[in-house]
Amino acid sequence: VQLQASGGGLVQAGGSLRLSCAASGRTFSRCAMGWFRQAPGKEREFVAAISWSGGSTYIADSVKGRFTISRDNVKNTVYLQMNSLKPEDTAVYSCAAVPMFSDYAPIESSEYDYWGQGTQVTVSS
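For the structure given in this document, a descriptive report is provided here.

### Comments concerning the sheet that holds strand 8 (residues 77-82)
Phase 1: One open sheet accounts for four strands, arranged 1-3-8-7; its pairing is antiparallel. In this open sheet, the two edge strands, each paired with only one partner strand, are strand 1 (2-6) and strand 7 (67-72). Taking the axes of each pair of neighbouring strands and ignoring which way they run, one obtains an average angle of 15 degrees across the sheet.
Phase 2: Note: strand 1 against strand 3 (residues 17-24), five bridges, orientation antiparallel. From the neighbouring strand, Gln4 faces strand 3, where its bridge partner is Ala22.

### Focus: the state of the cysteines
Phase 1: This structure, assessed with the given rule, holds one disulfide.
Phase 2: There is no disulfide at Cys31, and the cysteine sulfur nearest it, in Cys21, is 10 Å away.

### Considerations on the pattern of salt bridges
Phase 1: Taken as a whole, this structure holds four salt bridges when the rule is applied.
Phase 2: For Glu45, the salt bridge identified is with Arg37, shortest N-O distance 2.8 Å.
Phase 3: Assessed through its relative accessible area of 6%, Arg37 is described here as buried.
Phase 4: Among the ionic pairs, Arg66 bridges to Asp89, the shortest N-O distance being 2.7 Å. Here Asp89 lies in the loop between strand 8 and strand 9 (91-99) and Arg66 lies in the loop between strand 6 (57-59) and strand 7, a separation of 23 residues in the sequence.

### Considerations on the side chain of Ser51
Phase 1: Inspection of the secondary structure assignment puts Ser51 in the loop between strand 5 (45-50) and strand 6.
Phase 2: Only 2.7 Å separates the side chain of Ser51 from the side chain of Asp103, close enough to count as a polar contact.
Phase 3: Residues contacting Ser51, with those up to four places away along its chain left out, are Cys31, Ala32, Ser56, Arg71, Asp103, Tyr104 and Ala105.

### Examining the packing of aromatic side chains
Phase 1: Applying the stated criterion to the full structure yields five aromatic pairs.
Phase 2: Centroid distance Phe36 to Tyr112: 5.4 Å. Interplanar angle 75 degrees. Geometry classified as edge-to-face. Note that Phe36 is positioned in strand 4 (residues 31-38) and Tyr112 in the loop between strand 9 and strand 10 (114-115), a separation of 76 residues in sequence. Tyr112 carries the same exposure label as Phe36, and that label is buried.
Phase 3: Consider the rings of Tyr112 and Trp115, whose centres lie 6.3 Å apart with planes at 65 degrees: the pair is edge-to-face.

### Here's the deal with the pairing of strand 3
Phase 1: As judged from the six bridges shared by strand 3 and strand 8, these two strands associate in the antiparallel manner. When the sheet's bridge partners are listed, Cys21 is paired in strand 8 with Val78.

Conventions and cut-offs
Residues numbered from 1 in each chain as written. Predicted model: local features only at pLDDT ≥ 70, side-chain atom pairs only at ≥ 80, totals over all residues. Heavy atoms only, no water. Pairing = 2+ DSSP bridges. Helix = DSSP H or I, 4+ residues; strand = E, 2+ residues; numbered from the N terminus. Axes fitted to C-alpha atoms, helices over the stretch in contact; angles between N-to-C directions. Disulfide = S-S within 2.5 Å. Salt bridge = Lys/Arg side-chain N within 4 Å of Asp/Glu carboxyl O. Buried < 20%, exposed > 50% of the residue type's maximum accessible area, 1.4 Å probe, protein only. Polar contact = N/O pair within 3.5 Å; in protein donor to acceptor, adjacent residues only side chain to side chain. Contact = heavy atoms within 4.5 Å. Phe/Tyr/Trp six-rings, centres within 6.5 Å; stacked < 30°, edge-to-face > 60°.

Written out as structure tokens, the structure is:
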């Protein structure tokens, strides 16, 4: 599975962005997908994850109520809708995939097999 993240950019605090992660490969529909972020000088942080069916989603407490994750298995794409952005959301956001036959998605980055290149999100105050 190859992943390509897009949709990042510069936005003012309170604004919104939608990140996309396009996947190639026939196994996408059987992959759990996750979004992670890494700010300068900080460790990679879990943001959101979604099971292969979309039936199970997981959102980090730090973004709960502001971010939502969804997927379109026809378009082989997973989305991260980010609303009410804050300066502390500034980071490089990366998507990840792992084949998963159960309706579950990991929140630990070490459990993911495939990674995209990341897209920069900058939130100005």
